Amino acid sequence: GAVVSQHPSRVICKSGTSVKIECRSLDFQATTMFWYRQFPKQSLMLMATSNEGSKATYEQGVEKDKFLINHASLTLSTLTVTSAHPEDSSFYICSARETGTGGLEQYFGPGTRLTVT
Amino acid sequence: GENVEQHPSTLSVQEGDSAVIKCTYSDSASNYFPWYKQELGKRPQLIIDIRSNVGEKKDQRIAVTLNKTAKHFSLHITETQPEDSAVYFCAASTGGFKTIFGAGTRLFVKA
């Protein structure tokens, strides 16, 4: 089946620093990937849609200059949290759609738990 | 934009009983409705999905129904087992792109 990996699984950083999270589709190509944020005991909130070779589409209320998304290849999208603050601490999950199959399913990565101290 | 409401937020059933979770959506253009199961600290796993051209779909103990006119869809789990305990999310999307999730239902199956 389609597998999506994320790295790192956990990261602790100091306030003011930047953190990069990688999302990879391991056995399929993904023109489109999605980035979600999930707070404890809450739902998945779509942050942005990442499109290979073009700019990401951000949801309302998500700061594009703070959450930088790069989708440079058909198997890799990265999310960089810039100048992180404690309120950015959360569970970040990516998902990917397989290109060219007509399938609508999204395959989720295992998530990255970010803690900003 | 799309809004998905999910009920109940918590559901407790006895092992062997059925569980039903209901969702409504607002955007009539939505045509794909997946259901995900998420265990604590893990990734959401797709358990069943339905497209708008189908009214019902079944996979062993799990079934989903869709009423396009009323804009609601439901998940039915029969013969529940303790391992069914998890958080379940419904979602709605147009063409598999922007996907909006419901708030989630925490299902407890008591042995």
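Residues numbered from 1 in each chain as written. Chains lettered and ligands numbered in written order. Predicted model: local features only at pLDDT ≥ 70, side-chain atom pairs only at ≥ 80, totals over all residues. Heavy atoms only, no water.

Asker: Quick question: what am I supposed to make of the overall build of chain A here?
Answerer: Across its full length, chain A carries zero helices and eleven strands. For chain A, the α and β elements follow one another from N to C terminus as β-β-β-β-β-β-β-β-β-β-β. A globule of 117 residues ought to have a C-alpha radius of gyration of about 13 Å, and chain A, at 13 Å, matches this closely. Counting only C-alpha atoms, chain A reaches 40 × 25 × 20 Å along its principal axes. (Helix = DSSP H or I, 4+ residues; strand = E, 2+ residues; numbered from the N terminus. Rg over C-alpha atoms; globule rule 2.2 N^0.38 Å.)

Asker: Before we go on, may I ask you to explain the overall build of chain B in this structure?
Answerer: Looking only at helices and strands, chain B has zero helices and eleven strands in total. Here chain B has a C-alpha radius of gyration of 13 Å; the compact-globule value for 111 residues is 13 Å, and the two agree. Looking at chain B as a whole, 44% of its 111 residues are labelled buried. Here chain B contributes 13 positive and 12 negative side-chain charges, whose respective centroids are spaced 5 Å apart. (Buried < 20%, exposed > 50% of the residue type's maximum accessible area, 1.4 Å probe, protein only. Lys, Arg positive; Asp, Glu negative; His and termini not counted. Charge placed at Lys NZ, Arg CZ, Asp CG, Glu CD.)

Asker: Just checking my understanding: could you explain the interface of chain B and chain A for this structure?
Answerer: Quoted interface sizes are often the accessible area lost when the parts come together. Across the boundary between the two partners, chain B contributes 20 residues, which contact 22 residues of chain A. Here chain B packs against chain A, burying approximately 1,700 Å² in sum over the two surfaces, 55% of which is carbon and sulfur. When the buried area of chain B at its contact with chain A is split by residue, Arg43(B), Phe97(B) and Phe101(B) rank highest and sum to 29% of it. If you look at where chain B meets chain A, you find one salt bridge. Note that Glu59(A) and Lys98(B) form a salt bridge whose closest N and O atoms lie 2.7 Å from each other. The interface formed by chain B and chain A contains six residue pairs in polar contact (both at pLDDT 80 or more). The set of elements that each furnish at least two residues to the side of chain B that touches chain A consists of β4 (32-38), β5 (45-51) and β10 (99-101) of chain B. Split by residue class, the side of chain B that touches chain A holds eight nonpolar, six polar and six charged. (Contact = heavy atoms within 4.5 Å. Buried area = accessible area lost by both parts, 1.4 Å probe. Salt bridge = Lys/Arg side-chain N within 4 Å of Asp/Glu carboxyl O. Polar contact = N/O pair within 3.5 Å; in protein donor to acceptor, adjacent residues only side chain to side chain. Nonpolar A, V, L, I, M, F, W, Y, C, P; charged D, E, K, R; others polar.)

Asker: What am I meant to see in the packing of aromatic side chains here?
Answerer: Any aromatic ring pair is given by two values, namely how distant the centres are and how the planes are angled relative to each other. Applying the stated criterion across every chain, the model contains twelve aromatic pairs over all chains. Their ring planes at 45° and their centres at 5.6 Å tell us that Tyr36(A) and Phe108(A) sit as a pair that is tilted. With Tyr36(A) in strand β4 (residues 32-38) and Phe108(A) in strand β10 (residues 107-108), this pair connects stretches of sequence that are 72 residues apart. The pair formed by Tyr36(A) and Phe108(A) is uniform in burial state, with each residue classed as buried. Cluster of aromatic residues (ring-pair linked, three or more members): Tyr36(A), Phe108(A), Tyr36(B), Phe89(B) and Phe101(B). (Phe/Tyr/Trp six-rings, centres within 6.5 Å; stacked < 30°, edge-to-face > 60°.)

Asker: Help me understand the nonpolar core, please; the structure alone is not making it clear to me.
Answerer: Generally speaking, a soluble globular protein has its nonpolar side chains buried in company with each other. Counting 25 residues, the largest nonpolar core has Trp35(B), Phe73(B), Leu75(B), Tyr88(B) and Leu107(B) as the members making the most contacts within it. For this core, the secondary structure elements donating two or more residues are β2 (10-14), β3 (19-25), β4, β5, β7 (62-67), β8 (72-77), β9 (86-93) and β11 (105-110) of chain B. Here Tyr88(B) is in contact with Gln6(B), Ile21(B), Tyr36(B), Lys37(B), Ile47(B), Leu75(B), Ile77(B), Gly104(B), Thr105(B) and Leu107(B), once residues within four sequence places are set aside. Core analysis: the next-biggest nonpolar cluster, separate from the first, contains 23 residues, Ile21(A), Phe28(A), Met33(A) and Tyr92(A) among them. (Core = buried A, V, L, I, M, F, W, Y, C linked by side-chain atoms within 4.5 Å.)

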